Amino acid sequence: MSLFEKREQLYGPEVVSVGDLDLTVDGGYRNVVTIPLDVKPKRKLFVKVSSDNPVDVVVANEKGAAVAHKEGVRDAVMGPYDTGKLRSMGIFLGLYPGDKAKVNLEAWMERD
């Protein structure tokens, strides 16, 4: 990583499976997957999603409030979202029970 590079990788790129059968959770399916992110203040957050089936994507702050929400995402780059004074944020991926998706997920920050 270069000293002057603006992009800082937070997550991935990685394949995340959503909607897997899991009898240990209520409903029997892992329909919601959460990915915590450690962010730095005063940066811009970007999230890239590519999925074989449409998924719902939520970017949330550390207080649990949604910063962004998109339904039926197959291929999108979401952002930039200002991190402000935050130290942590999260990504939620969701599907209806019985549906399944393989999601290529990547998250990064950039300086202004």
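Structure: see above.
Residues numbered from 1 in each chain as written. Predicted model: local features only at pLDDT ≥ 70, side-chain atom pairs only at ≥ 80, totals over all residues. Heavy atoms only, no water.

Undergrad: Please clarify how the overall build of the protein chain should be interpreted in this entry.
TA: Tallying secondary structure elements over the protein chain gives zero helices and eight strands in all. Counting from the amino terminus, helix and strand elements in the protein chain follow one another as β-β-β-β-β-β-β-β. Its C-alpha atoms give the protein chain principal-axis dimensions of roughly 45 × 25 × 20 Å. Residue burial in the protein chain is summarised as follows: out of 112 residues, 38% are buried. Counting only carbon and sulfur atoms, one obtains 51% of the accessible surface of the protein chain, whose full area is about 6,800 Å². Looking at charge distribution, the protein chain has the averaged site of its 16 positive side-chain charges lying 8 Å from that of its 17 negative ones. (Helix = DSSP H or I, 4+ residues; strand = E, 2+ residues; numbered from the N terminus. Buried < 20%, exposed > 50% of the residue type's maximum accessible area, 1.4 Å probe, protein only. Areas by Shrake-Rupley, 256 points an atom, 1.4 Å probe, with all protein chains shown as cover. Lys, Arg positive; Asp, Glu negative; His and termini not counted. Charge placed at Lys NZ, Arg CZ, Asp CG, Glu CD.)

Undergrad: Looking at this model, I keep getting lost on the pattern of salt bridges. Mind explaining?
TA: A side chain with one charge can pair with a side chain of the opposite charge if their charged atoms come near. Under the definition given, this model contains five salt bridges. For the salt bridge of Lys-40 with Glu-8, the shortest nitrogen-to-oxygen distance reads 3.4 Å. Of the two residues, Lys-40 sits in the loop between strand S4 (32–38) and strand S5 (44–61) while Glu-8 sits in strand S1 (residues 7–18), which places them 32 residues apart along the sequence. Arg-30 is the salt-bridge partner of Asp-22, the closest N and O atoms lying 2.3 Å from each other. According to the relative accessible area criterion, Asp-22 is buried, its value standing at 17%. (Salt bridge = Lys/Arg side-chain N within 4 Å of Asp/Glu carboxyl O.)

Undergrad: What is the right way to read the pairing of S4 from this model?
TA: Because side chains alternate across S4, one face comprises the buried residues Val-33, Ile-35 and Leu-37, and the other comprises Val-32, Thr-34, Pro-36 and Asp-38, none of which is buried. Where S4 lies against strand S7 (residues 88–94), seven bridges are found, and the strand directions are antiparallel. Paired with Pro-36 across the strands is Gly-90, a residue of S7. (Pairing = 2+ DSSP bridges.)

Undergrad: When you look at the nonpolar core in this model, what are you seeing that I'm missing?
TA: Nonpolar side chains in soluble globular proteins tend to end up buried together. One finds Val-47, Ile-91, Leu-93 and Leu-105 to be the most contacted residues of the largest nonpolar core, which totals 28 residues. The set of elements that each furnish at least two residues to this core consists of S1, S4, S5, strand S6 (66–82), S7 and strand S8 (101–110). Not counting the four nearest positions on each side in its chain, Leu-93 is found in contact with Val-16, Val-18, Asn-31, Val-32, Val-33, Ile-35, Asp-56, Val-57, Val-103 and Leu-105. (Core = buried A, V, L, I, M, F, W, Y, C linked by side-chain atoms within 4.5 Å. Contact = heavy atoms within 4.5 Å.)

Undergrad: Teacher, can you tell me more about the pairing of S6 here?
TA: The two faces of a sheet get side chains in turn, since along a regular strand they alternate between them. Of the strand pairs in this sheet, S5 and S6 are connected by eleven bridges, and their pairing is antiparallel. Within S6, the residue paired with Lys-44 across the bridge is Asp-82. Remark: four residues form the turn of the hairpin made by S5 and S6, two consecutive strands paired antiparallel; Gly-64 in that turn has positive phi of roughly 90°.

Undergrad: Even after reading the chapter, I still don't get the environment of Thr-83, so can you show me in this structure?
TA: Note that Thr-83 resides in the loop between S6 and S7. With a relative accessible area of 1%, Thr-83 lands in the buried category. Separated by 41 residues in sequence, Thr-83 and Lys-42 have C-alpha atoms that sit 5.6 Å apart. Leave out the neighbours within four places in its chain, and Thr-83 touches Val-39, Lys-40, Pro-41, Lys-42, Arg-43, Leu-45 and Met-89. Among the polar contacts made by the side chain of Thr-83, one reaches the main-chain carbonyl oxygen of Lys-40 at a distance of 2.8 Å. (Polar contact = N/O pair within 3.5 Å; in protein donor to acceptor, adjacent residues only side chain to side chain.)

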